[in-house]
Amino acid sequence: MPTAGLQFLLEPPAELSAPVVVLSGDEAFLKRECLHAVRRLVVGDEQGEFAWNAFTGREADWRDVSDSLSAVSLFGGGRQAAAVEDADTFVTAFRSQLEDYVAKPPKGSTLVLEVKTWNGSTRLAKAADKAGLVLKCQPPDRGAELGAFRRQAKQWLVKQAPERHHAKLAAAAADLLMELLPLSLGVLEQEVARLSLLAEPTAGGKAAISPELVQQHVGGWRTQKTWDMIDAMADGNAADALGQLDRLLLAGEQPIGLLAQVASTLRRYSAAAMLFSQAEAAGRRGSLRNALEQAGVIKFKLADAERQLKQIGRGRAAELDRRLLDADLAMKGHNSKPDRARLELERLIVWLSSAADPRRRGAESAEQGAGS
C-alpha cells in the first residue's frame, strides 16, 4: 500500500535502501520535501552530489538512467541513485525496462520516479509497492483520509516552525490557517514563514504565532467576508448572509468557490449531529461540544459552533450533506452560469434561516390553532 507523503516526513525511517521510490500526486511542495528527505536517506549529505543523478523525464533515456545506477562512485562505496523528475512520459516509454529493473535491481542502487499519476493496478506499480516505497503526495478529496491529512499537516507545520522560521506556531493557529487557506502544504508553510516575521518574540526568543495573529493577517477582506457570510448563514440571519454574498460576488468571487468554503463548515456540523445521535442511540449522554470537536471544529470556535448547530437543529443538520451535494451538482450542471449558480447559494441561505426553521413553523401553527 502507498504511504502518505506527510506520514513519511513525520516518521522517516532510520535508513532507506529500497531499489525504487515513487513520488506520486500533484502536491508539488510535498513532493519536493519528500524528494529532499529521500535524498538525505539514500546518499546522505557527504559526497551525496556525486552519487545522486538527476534527470528530466521528457528528455531522459533509459540507457543513461540505467548506467548511472550501475556506476561505481569514485568518492566512496555508498548507494548510487537516479532521480527522474516529471517522469510520467518516461514511465510510459520504458515500462518494460522499469519492470525488469524492479525485478532485479543492481546492488546498492535506488531509482526515484516523480510522477503525477500512478496506476496501482499495473504490474510495475505492484512490483514497486512490494520491492520499494510508494509515497502519495496529494491531499485526499474527503473522508477519513482527508481528516488524517489535516492532522498530519498541522503536526508538520507546528514541528517545522521552530526549525525553519525560529517561531512557535500554536496548534489553534495551525487549525485556523487550514480554515482560511487552501489545504496546500506549500501555501500553509509560506504563510507560517510570513507570520513569523510579524509575530512578537517570546521570552525564549522565538516569535509566537497565535490564532489572533492569524485572524488579523491572513486571508484579507474577501476571506473575512466569506467567514462572516458563513457565520450569518449558520446563525440563521438570512438578510445579513445575502448581503455578504452580494458584496462578495460584486468583488469577483465565484459561487462555486464560495460553496466549497460553505460546505467545509457545514459538513462538520452534519458530522457532529450524526456523532451526537450515535451517542444517544448507544445510551450515552451526548455532548454537542464534544461532537463538534470530534468533527474537526477548532477549539476557539466551539462556543459559536454549538450555538449555530442548535439554531440549525437536528432535522436540518441531517439533511445538510444532501443539500450541499445537490447545490454542488447543480452548479456543475444546469445552474453552472454565475447568475444561476448564485441562486443555489441563496436557496441554501434561505433554507438555513431562522424564519425557515421547521421548529418555528410548528410553534407558530400551534399558536394559531390555540387562538382560533
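Before reading on, note that the structure itself is shown above.
Report follows, based on the coordinates.

Cut-offs used in this document
In every chain, residue numbers begin from 1 and rise along the written sequence. In view of the model being predicted, local features appear only for residues whose pLDDT reaches at least 70, and side-chain atom pairs are presented and counted only at 80 or more, with totals across whole chains, interfaces and linings using the full set of residues. Hydrogens and water are ignored here; the side-chain numbers use all heavy atoms of the structure. Strands here are runs of E lasting at least two residues and helices are runs of H or I lasting at least four, both read from the DSSP assignment and numbered beginning at the N terminus. The rule is simple: take the accessible area with a 1.4 Å probe, protein chains only, and divide by the maximum for that residue type; under 20% is buried, over 50% is exposed, in between is partly exposed. For the area figures, the Shrake-Rupley method with a 1.4 Å probe applies, and any residue is considered shielded solely by the protein chains shown. Positive residues here are Lys and Arg, negative ones are Asp and Glu, while His and the chain termini are left out of the count. Note on charges: their place is set at NZ of Lys, CZ of Arg, CG of Asp or CD of Glu. Points on a 1 Å grid over protein atoms alone make up a cavity when a 1.4 Å probe fits among them but cannot get out, and a pocket when they form an open set with protein on both sides within 12 Å along at least five of seven lines; lining residues each have an atom within 4 Å of a point. Grid points are joined across faces, edges and corners, and a volume is the space filled by probe spheres set on the points. Each residue is assigned to one of three groups, with Ala, Val, Leu, Ile, Met, Phe, Trp, Tyr, Cys and Pro labelled nonpolar, Asp, Glu, Lys and Arg labelled charged, and all others, Gly among them, labelled polar. Expected helix span is taken as 1.5 Å per residue step, with the number of steps being one fewer than the number of residues. At least two DSSP bridges between two strands are needed for those strands to be called paired. Any pair of residues with heavy atoms lying within 4.5 Å of one another is described as a contacting pair. For this analysis, a ring pair means two rings from Phe, Tyr or Trp (six-membered ring only for Trp) whose centres lie within 6.5 Å, classed as stacked if their planes differ by under 30 degrees, edge-to-face if by over 60, and tilted for the remaining angles. Interaxial angles span 0 to 180 degrees and are taken between N-to-C directions of axes, which are lines fitted to C-alpha atoms, for helices over the stretch in contact. If an angle is under 35 degrees, it is roughly parallel; if it is over 145, roughly antiparallel; if it lies from 65 to 115, roughly perpendicular; otherwise it is oblique. If you view the pair so one helix is near and one far, a crossing is left-handed when the near helix is turned anticlockwise from the far one by less than a right angle, and right-handed when it is turned clockwise. Pairs of N or O atoms within 3.5 Å make up the polar contacts considered here, provided that, within protein, one atom can donate a hydrogen while the other can accept it, and that residues adjacent in sequence are counted only when both atoms are side-chain atoms.

## Here we look at the overall build of the protein
The helix and strand inventory of the protein stands at 18 helices and eight strands. Over its C-alpha atoms, taken along the principal directions, the protein stretches across nearly 95 × 55 × 50 Å. Across the 372 residues in the protein, those meeting the buried criterion constitute 44%. Total accessible area computed for the protein in this model is approximately 19,500 Å², and 51% of it derives from carbon and sulfur atoms. Where the 48 positive side-chain charges of the protein centre and where its 48 negative ones centre are 4 Å apart.

## Quick look at the layout of surface pockets
Over the atoms, a rolling probe the size of a water molecule traces out where space has been left empty. In this structure, the largest pocket occupies an estimated 1,600 Å³ of space. Around the largest pocket, the lining is made up of 39 residues, and of these Leu146, Arg150, Leu183, Ser264 and Arg268 lie nearest the centre. Looking at the lining of the largest pocket, the elements that each hand over two or more residues are helix H8 (144-165), helix H9 (171-180), helix H14 (255-281), helix H15 (288-294) and helix H16 (302-331). The element contributing the most residues to the lining of the largest pocket is H14, with eleven residues. The residue inventory of the lining of the largest pocket, partitioned by class, reads 20 nonpolar, six polar and 13 charged.

## A closer look at H14
The end-to-end C-alpha distance of H14 is 38 Å, a good match for the 39 Å that 27 residues give at a rise of 1.5 Å each. The positive-phi residue at the C-terminal boundary of H14 is Gly283, with phi of around 85°.

## Observations regarding the pairing of strand E4 (residues 80-85)
Of all the six residues making up E4, five are buried; the element is thus mostly covered by neighbouring parts of the structure. Where strand E3 (residues 52-56) and E4 come together, five bridges link them in parallel fashion. In the sheet register, Phe55 faces E4, and the bridge partner there is Val84. The pairing of E4 with strand E5 (residues 109-115) spans five bridges and is classified as parallel. Within the sheet, the bridge partner assigned to Ala83 lies in E5 and is Val112.

## Brief notes about the side chain of Thr226
Assignment of secondary structure puts Thr226 in helix H12 (residues 220-234). When its relative accessible area of 1% is taken as the criterion, Thr226 is described as buried. If sequence neighbours within four positions are ignored, Thr226 has contacts with Leu248, Leu258 and Gln261.

## Describing the packing of aromatic side chains
Throughout the structure, instances matching the rule amount to four aromatic pairs. When the centroid spacing of 5.1 Å and the interplanar angle of 50° are considered together, the rings of Phe90 and Phe94 count as tilted. When sorted by exposure, Phe90 lands in the same class as Phe94, which is buried. Three or more aromatic residues joined by ring pairs form one cluster here, namely Trp62, Phe90, Phe94 and Tyr101.

## Re the packing of helix H2 (residues 28-43) against H8
Packing of H2 against H8 brings their axes to within 14 Å, and their N-to-C directions diverge by 60°. Relative to H8, H2 is oriented oblique. Taken as a pair, H2 and H8 cross one another with a handedness that is left-handed. Mapping the contact onto sequence places Phe29, Leu30 and Glu33 in H2 and Phe149, Trp156 and Arg164 in H8. In terms of residue class, the contact of H2 with H8 is made up of four nonpolar, no polar and two charged.

## Here we look at the environment of Asp61
Following the sequence through the fold, Asp61 ends up in the loop between E3 and helix H4 (62-70). Look at Asp61 and you get partly exposed, because its relative accessible area is 35%. Distance from Asp61 to Phe94, taken between C-alpha atoms, is 8.5 Å for residues 33 residues apart in sequence. Look past the residues within four positions of Asp61 in its chain and what remains in contact with it is Phe90 and Phe94. Within the structure, the side chain of Asp61 is placed 2.9 Å from the backbone nitrogen of Arg63, a separation counted as a polar contact.

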